[in-house]
Every structure is written in structure tokens, then in C-alpha cells.
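# Structural description and commentary
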Amino acid sequence: MVSPDDGWIAGDDGTVLNYDGEEWREHDFPFGQDLRAIDFTADGAIGWTCGGYSTGGDNLFKYEEGSWTAYTRVNGQLHSLAVLGEDEAWVMGQAGLIETIVYHYENGAWETDTSMDPGPELLSMSFVDRTEGWAVGMDPLEGTTGVIWHYREGAGWSEYTSGLKTGPLYSV
């Protein structure tokens, strides 16, 4: 939710819904991909969503000035997206069994972040602010072991080790 009267939902077959404070309405999304994540700037002016089909990789789509544009395609399946401002966002997912994919949008371009490669299957992320974030998922080699990763600006991503033994972690 961007605010009490502005929220977004993404789903199968390019379903995008927008909440206006009273009800959810279908929002025109001109692409048919299954969407897995959606997020917007605090003022709702710029947003990103990601998704694709079961094969062939996923796309990133940008919302700006009332319309959606296909922005870039990645080789893999994207699971989570965090928009930190009009000029900064993160997206992460999985390509293959042990290849974590993490992209950072800054200064108008998506760049690959390789600090977790090879790494866990990350399913969800959340940022406190531009300098600190968390991601959770599972270790694909262990199958049932949950993982937690921590981001600090300047230090990058690192695995958080606490000795906790959990199953896969799906949301943060």
C-alpha cells in the first residue's frame, strides 16, 4: 500500500488492481505475464512490477505518468521487488538451482549485484530505508533450511547467522 487511499495488487495474466480508498479497480496493464511482485514510490508516482511465463525469463515493467512500459528482461524468475525511491529499487529471484539473481536499479539502470552468487533462493525482501534491508528464503541445496540475508549500504549483502533452525522462510 502506498497510502490509505492508494494501493496496488499484481497477479496472473497481467492482472493489476488499484485501490482508490473506496474500492479495488482493474488497472490497464498491456502485458499478459503472470506478475509476482509490485511496489511503488511513497508518493505513488513511479512503480515497478515483475513477472513472466513459466519459461523464458521474467520482465520488469515500469509505471510512470499513468502508464506501464516493458523495461528489461532477465534470465530467471523474479520473486520480490522493493522500490526505495524514484531512482532506486531492488529485485531478486532465482535462475537455476543455485543461482540467486539480484538487481539494483540506480541512476536509470538495472545492474547485477553478485554478492550472493551462488546463493539461496530468495522469496521476499523488505528495506528499512535506502541503507538497510532484509531478505529471506531457503537454501536450495538443503531444501528445507530457511535463510536470512542482511543488506547494509557500503557492505552489501551478507548471510545473517543466528543458529536458528527453520524451514523455508517466505515473507519479511
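Here the structure is shown first, and the text comes after it.
Residues numbered from 1 in each chain as written. Predicted model: local features only at pLDDT ≥ 70, side-chain atom pairs only at ≥ 80, totals over all residues. Heavy atoms only, no water.

### Thoughts on the pairing of strand β10 (residues 100-106)
- Burial analysis of β10 places six of its seven residues in the buried class, the great majority of the element.
- Alignment of strand β9 (residues 88-94) against β10, held across seven bridges, turns out to be antiparallel. Each bridged residue has a counterpart across the sheet, and for E88 the counterpart in β10 is E106.
- Inspection of the sheet shows β10 paired to strand β11 (residues 109-112) by four bridges, in the antiparallel sense. Bridged to H104 within β11 is E111.
- With antiparallel pairing between neighbouring strands as the criterion, β10 and β11 make up a hairpin whose turn holds two residues, including N107 at a positive phi of roughly 55 degrees. (Buried < 20%, exposed > 50% of the residue type's maximum accessible area, 1.4 Å probe, protein only. Helix = DSSP H or I, 4+ residues; strand = E, 2+ residues; numbered from the N terminus. Pairing = 2+ DSSP bridges.)

### Digging into unusual backbone geometry
- Within the chain, E65 stands out as a residue other than glycine whose phi angle is a positive 55 degrees.
- With respect to the helices and strands, E65 occurs in the loop between β6 (58-64) and β7 (67-74).
- Of note, N107 is a non-glycine position whose phi angle comes to about 55 degrees, a positive value.
- Within the secondary structure, N107 is located in the loop between β10 and β11.

### Considering the nonpolar core
- Counting 16 residues, the largest nonpolar core has W48, L60, L78, V91 and W110 as the members making the most contacts within it.
- Elements with a contribution of two residues or more to this core: β5 (46-52), β8 (77-85), β9 and β10.
- Of all hydrophobic cores here, the second largest spans 13 residues; its members include W90, V102, M116 and A135. (Core = buried A, V, L, I, M, F, W, Y, C linked by side-chain atoms within 4.5 Å.)

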